[in-house]
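Given next are the chains, with one letter for each unit.
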Amino acid sequence: MKCVTTVSYPVKVNGEYTDQIFPQRGLRQGDPLSPYLFIICAEGLSALLQKAEVDGRIQGIKVCRGAPRINHLFFADDSLILMRSNGADAMELKNILHSYELVSGQVINRDKSSILYSPNTGENVRKQMSSALSITQEAKNEKYLGLPVAVGK
C-alpha cells in the first residue's frame, strides 16, 4: 500500500513546476501497478465464488453432461457470473459481492450490470433474482468480449 498511498505529482505549468499534489482517490489512470492490483482483487473474488460452489451455496453451469461446472469468467475488468436461477443462490451471490466490495474497496456498478435468464425461468424467479441482486436491466442482445452471450436457444 505504500506504493499507492505515498505517491505525489508535480505539474508543469508555463515551464514551472507547481507544489506537490497528493492524490486522494487511488491510482492514476494508466499506472503500471493498476493491472496487478486488479488481478489480485479478482483472484480474491474468484476464490470466494469457487468456495461457495464447493460448499454447495451456489451452483454454476455445465456446458455439457461430462463437463465441470463453471460459475465465473473474468477478462480484464469484465466479469461474467454463471449460476442457476433461484433466490438462495442470488442471496449468496449478493453476500459474496458485498464481501468483495468491503475487502477490495471496489464497488459493483449495478447500472452497468445485467442478468440473462434461461427461457424456462419463471417470472417470479426473475423478479426474485433481480430484487436480491439490485440489478434491473435484463440482457437481451448483450455481448461479452464482442461476442453474443446467447446464440439460438
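Look up a bit, the structure's there.
Residues numbered from 1 in each chain as written. Predicted model: local features only at pLDDT ≥ 70, side-chain atom pairs only at ≥ 80, totals over all residues. Heavy atoms only, no water.

**Student:** Is there a simple way to think about a nonpolar patch on the surface in this case?
**Tutor:** A cluster of nonpolar residues, Val11, Val13 and Ile21, forms a patch on the protein surface that exposes about 220 Å² of accessible area. Within the fold, isoleucine 21 resides in the loop between strand S2 (16-17) and helix H2 (34-54). (Patch = residues over 30% accessible without salt bridge, like charges linked within 9 Å, V, L, I, M, F, W, Y side chains within 5 Å. Areas by Shrake-Rupley, 256 points an atom, 1.4 Å probe, with all protein chains shown as cover. Salt bridge = Lys/Arg side-chain N within 4 Å of Asp/Glu carboxyl O. Helix = DSSP H or I, 4+ residues; strand = E, 2+ residues; numbered from the N terminus.)

**Student:** How should the pattern of salt bridges be read in this particular structure?
**Tutor:** Scanning all chains against the criterion turns up six salt bridges. For arginine 84, the salt bridge is made with aspartate 89, and the minimal N-O distance between the two is 2.8 Å. On the basis of relative accessible area, arginine 84 is assigned to the partly exposed category, the value being 33%. Its relative accessible area of 1% is what places aspartate 89 among the buried residues. A salt bridge links arginine 126 to glutamate 138; the nearest nitrogen and oxygen atoms lie 2.7 Å apart. One end of the pair, arginine 126, is in helix H4 (residues 123-133); the other, glutamate 138, is in the loop between H4 and strand S5 (143-144), with twelve residues separating them in the sequence. Residue classification places glutamate 138 among the partly exposed positions, given a relative accessible area of 29%. If you follow the salt bridges from partner to partner, you end up with Lys51, Asp55, Arg57 and Glu92 in one network. (Buried < 20%, exposed > 50% of the residue type's maximum accessible area, 1.4 Å probe, protein only.)

**Student:** Just checking my understanding: could you explain the packing of H2 against helix H3 (residues 87-104) for this structure?
**Tutor:** Between H2 and H3, the least distance of the axes is 10 Å, while the angle of their chain directions is 155°. When the interaxial angle is binned, H2 and H3 end up roughly antiparallel. Judged by the sense of rotation from one axis to the other, the crossing of H2 with H3 is right-handed. Residues Cys41, Ala42, Leu45, Leu48, Leu49 and Ala52 of H2 form the contact with H3, whose own contacting residues are Glu92, Leu93, Ile96, Leu97, Tyr100 and Ser104. (Axes fitted to C-alpha atoms, helices over the stretch in contact; angles between N-to-C directions. Parallel < 35°, antiparallel > 145°, perpendicular 65-115°, else oblique. Left-handed = near helix turned anticlockwise from the far one by under 90°. Contact = heavy atoms within 4.5 Å.)

**Student:** What am I meant to see in the packing of H3 against H4 here?
**Tutor:** The relative placement of two packed helices is expressed as an angle between their axes plus a distance between the axes. Between H3 and H4, the shortest axis-to-axis distance is 9 Å and the interhelical angle comes to 15°. Judged by the inter-axis angle, H3 sits roughly parallel to H4. Like other packed secondary-structure pairs, H3 and H4 cross with a definite hand, here right-handed. Residues Gly87, Ala90, Met91, Leu93 and Lys94 of H3 form the contact with H4, whose participating residues are Gln128, Met129, Ala132 and Leu133. Each residue belonging to the contact of H3 with H4 can be placed in one class, and the counts come to six nonpolar, two polar and one charged. (Nonpolar A, V, L, I, M, F, W, Y, C, P; charged D, E, K, R; others polar.)

**Student:** For this particular structure, what's the right way to read the nonpolar core?
**Tutor:** When a protein is soluble and globular, its nonpolar side chains tend to lie buried together. Of all hydrophobic cores here, the largest spans 16 residues; its most connected members are Leu45, Leu49, Leu93, Met129 and Leu133. Of all the secondary-structure elements, those providing two or more residues to this core are H2, H3 and H4. Looking at this core, the element that brings in the most residues is H3, giving five residues. When sequence neighbours within four positions are dropped, the list of residues in contact with leucine 93 reads Leu49, Ile58, Ile81, Met83 and Leu133. (Core = buried A, V, L, I, M, F, W, Y, C linked by side-chain atoms within 4.5 Å.)

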